[in-house]
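Notes for the structure review
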Amino acid sequence: MVAHLIRMKLAITVNGWKKSTGQLVLAILLMAYLAFVLVMVGVGASFMPELGTDARGTILTLVGAVAVLGWIIIPVFFTGVDLTLDPANFATFGVPSRQLVLGLAMAGLATIPGAATLIGFLLSTLAWRDQVGAMLLAVPTTILGAVFCICISYAVTGLLAGITGQRRIREIMSIVAFIPLMLAGVILTGIVESVEAALEQLPGLAAIVAWTPLGSFTGAPWALAEGRLLEAAAQAVLCLVWVAGALWLWQLAVNRSYAQVRGSGPASSKTKTGVGLLGVFPGTPAGAIAARSLIYWLKDPRYSASLVVLPLLLVLFWFLGYQSGEYVMILLMGPITGFMLGYSISADISYDGSAFAQHVTAGVSGRDDRVGRIGSLLSWGIPVTLLFTVATVWMAGQWWLLPGLIGIGIGALLTGAGVSALVSARFIYPVPPPGASPFATPEGGGMRMMLISLGAMVVVGALCLPGLILYVVALATGAMPLMWITLVVGLGVGAFLLWLGIRLGAKWFDRSQAETYQSVLAATG
């Protein structure tokens, strides 16, 4: 079973590379990067015997803990785990869950991240090459550490999916976890003054972590190197306990996955009545599409995740202004908001996935489709852009800039929406599937998505230049009339480009609905 699963995993991976050149290139780049990192790890570990035993143990234990923590946090909040060999696919074959979990754990070591983790852990044993006993103990414990990383990662993600029965909690967690990344600079600035005091506490912290699932695998050799034989033996036993516990949790997750596939999962008892937002918008095809699109914005984190960035940018710009005393950056929030919201629907049809078939079979016209999607965005996008613009002008105390900033911000929103109306109908590319992390890069579509996104953003930026140039001139000269001209030009150019984008996008939509649907199916696999 184990050998068969490993061969299956390798075969599927190689076939994926053969199918997609972009995927192969990204895999090669990833392997080259990981090879460089592993070389640095090996070189660093080989020089560590020059340090004291306490320093080596502290570094290895904490770095190992970070690696284990990364395997738990990153898949849960961002990328998800590799489901090439999804346990649910084996439910109908009667494979015992215990046997399947052991096979999948070994197959996990054959993945690029799994193999890199195993090699990295083994290279860390070079830090104990001057103490044979510690190095001999480090080899099996670090191997167990790599296995634990894979098992606990799949176990945690599997249990989260099984406990919720829905994707809502995981999606919310994916968005929430993005917050500290955006504010990392602010957080680090606040704690940098206490770094020296924190460094003095690291050995004590490492000694505690060595008794946890995060640090036992690299902490046991440290205890042996310092002559703490009983502690080393206890921590080595804990390594086995942690791995056994992770395997048990993973088996529990697989059993729940089996139960769902076989139809014994819990059924929802919630009943909803009424038509919701469909009763708010006009009773036309465009109104129905606008209502459905707005529901997506409210309930699908792949849409709403982009909104998290905006208040975080506001906090970041305010913090920078608070430090420098100049709130110039915060005035950019209005234009940035309009730009980001306008571009945000450039993959709208791609996000529909197979549901786009309803538009094709219902004979929806291109005009109704484009107007409905754009109308949904503008119904709340314009108020949000105005809110950020007025709020930041108030915070900066520069009210004379308000007309020009409104012209740039709303103009960027309308321009971006117009470009998106054309791009989303013309270019289809893979996007994160429903239930995946909103920030994940879909398999095989990274290069195409990057090129299309970059091209669309460059076009939007170029089309916004007339209003932006007028604003800069008005800002440099202090001429208030130019600010009002910027408002008129920004709104006028944006409205024209929105009309043109809807018109051209509608024509393309009507002319190639079948081809577009085929592209959507190909992109969604």
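Everything quoted here is computed from the prediction, not taken from an experiment.

Moving on, we come to the overall build of the chain. Counting secondary structure elements, the chain contains 23 helices and zero strands. Residues classed as buried in the chain amount to 45% of the 525 residues present. A fraction of 80% describes how many contacts in the chain between residues 6 or more apart in sequence connect residues 24 or more apart. Of the roughly 25500 Å² of accessible surface on the chain, a fraction of 72% belongs to carbon and sulfur atoms.

Quick look at the pattern of salt bridges now. Scanning the model with the defined rule gives seven salt bridges in all. With a closest N to O distance of 2.8 Å, R56 and D130 form a salt bridge. Here the residue R56 occupies a position in helix α3 (residues 53–79), and D130 occupies one in the loop between α5 (112–124) and α6 (132–164), the gap between them amounting to 74 residues. Given a relative accessible area of 2%, R56 falls into the buried group. Under the relative-accessibility criterion, D130 is labelled partly exposed at 43%. A salt bridge links R228 to E231; the nearest nitrogen and oxygen atoms lie 2.3 Å apart.

Let us look at the packing of helix α19 (residues 402–426) against helix α21 (residues 465–477). Orientation of α19 relative to α21, taken along the N-to-C sense of each, is 165 degrees, at an axis distance of 9 Å. It follows that α19 is roughly antiparallel to α21 by the angle criterion. In this structure, the crossing between α19 and α21 has a hand that is left-handed. Counting all contacts with α19, which are made through G404, L405 and I408, the residues of α21 involved are G467, L468 and Y471. Its residues assigned to classes, the contact of α19 with α21 comprises four nonpolar, two polar and no charged.

We now examine the environment of L104. In this fold, L104 is placed in helix α4 (residues 97–108). For L104, a relative accessible area of 6% gives the class buried.

Note that Q235 resides in helix α12 (residues 229–261). Considering only alpha carbons, one finds Q235 and P221, 14 residues apart in sequence, at a separation of 9.0 Å. Dropping the residues within four chain positions of it, Q235 is found in contact with A210, W211, S216, G219, A220 and A223.

In the contact formed by α19 and helix α22 (residues 480–511), the axes pass within 7 Å of each other and the chain directions differ by 10 degrees. Classed by the angle they form, the pair α19 and α22 counts as roughly parallel. Split into classes, the residues belonging to the contact of α19 with α22 amount to 20 nonpolar, ten polar and one charged.

A contiguous nonpolar patch, built from F36, V39, M40, V43 and F47 and spanning about 500 Å² of accessible area, is present on the exposed surface. Note on placement: V39 falls in helix α2 (residues 21–47). In this structure V39 comes out as partly exposed when scored by relative accessible area, which is 47%.

Side chains of R426, R503, K507 and R511 sit close together on the surface and give a patch of like positive charge. Here the positive patch gets three residues from one element, more than from any other, and that element is α22. Within the secondary structure, R503 is located in helix α22.

To continue, consider the packing of aromatic side chains. Under the definition given, this model contains five aromatic pairs. A centroid spacing of 5.8 Å and a plane angle of 90 degrees characterise the contact between F356 and F509, whose relative ring orientation is edge-to-face. Placement of the pair is F356 in the loop between α16 (348–352) and α17 (357–361) and F509 in helix α22, with a sequence separation of 153 residues. Taken as a pair, F356 and F509 share a single burial class, namely buried. Across the ring face of W222, the terminal group of R228 is positioned such that the distance to the ring centre comes to 5.6 Å.

About the criteria used
Residues numbered from 1 in each chain as written. Predicted model: local features only at pLDDT ≥ 70, side-chain atom pairs only at ≥ 80, totals over all residues. Heavy atoms only, no water. Helix = DSSP H or I, 4+ residues; strand = E, 2+ residues; numbered from the N terminus. Buried < 20%, exposed > 50% of the residue type's maximum accessible area, 1.4 Å probe, protein only. Contact = heavy atoms within 4.5 Å. Areas by Shrake-Rupley, 256 points an atom, 1.4 Å probe, with all protein chains shown as cover. Salt bridge = Lys/Arg side-chain N within 4 Å of Asp/Glu carboxyl O. Axes fitted to C-alpha atoms, helices over the stretch in contact; angles between N-to-C directions. Parallel < 35°, antiparallel > 145°, perpendicular 65-115°, else oblique. Left-handed = near helix turned anticlockwise from the far one by under 90°. Nonpolar A, V, L, I, M, F, W, Y, C, P; charged D, E, K, R; others polar. Patch = residues over 30% accessible without salt bridge, like charges linked within 9 Å, V, L, I, M, F, W, Y side chains within 5 Å. Lys, Arg positive; Asp, Glu negative; His and termini not counted. Charge placed at Lys NZ, Arg CZ, Asp CG, Glu CD. Phe/Tyr/Trp six-rings, centres within 6.5 Å; stacked < 30°, edge-to-face > 60°. Lys NZ or Arg CZ within 6 Å of the ring centre and 35° of its normal.

Any functional reading would require information beyond the geometric quantities listed.
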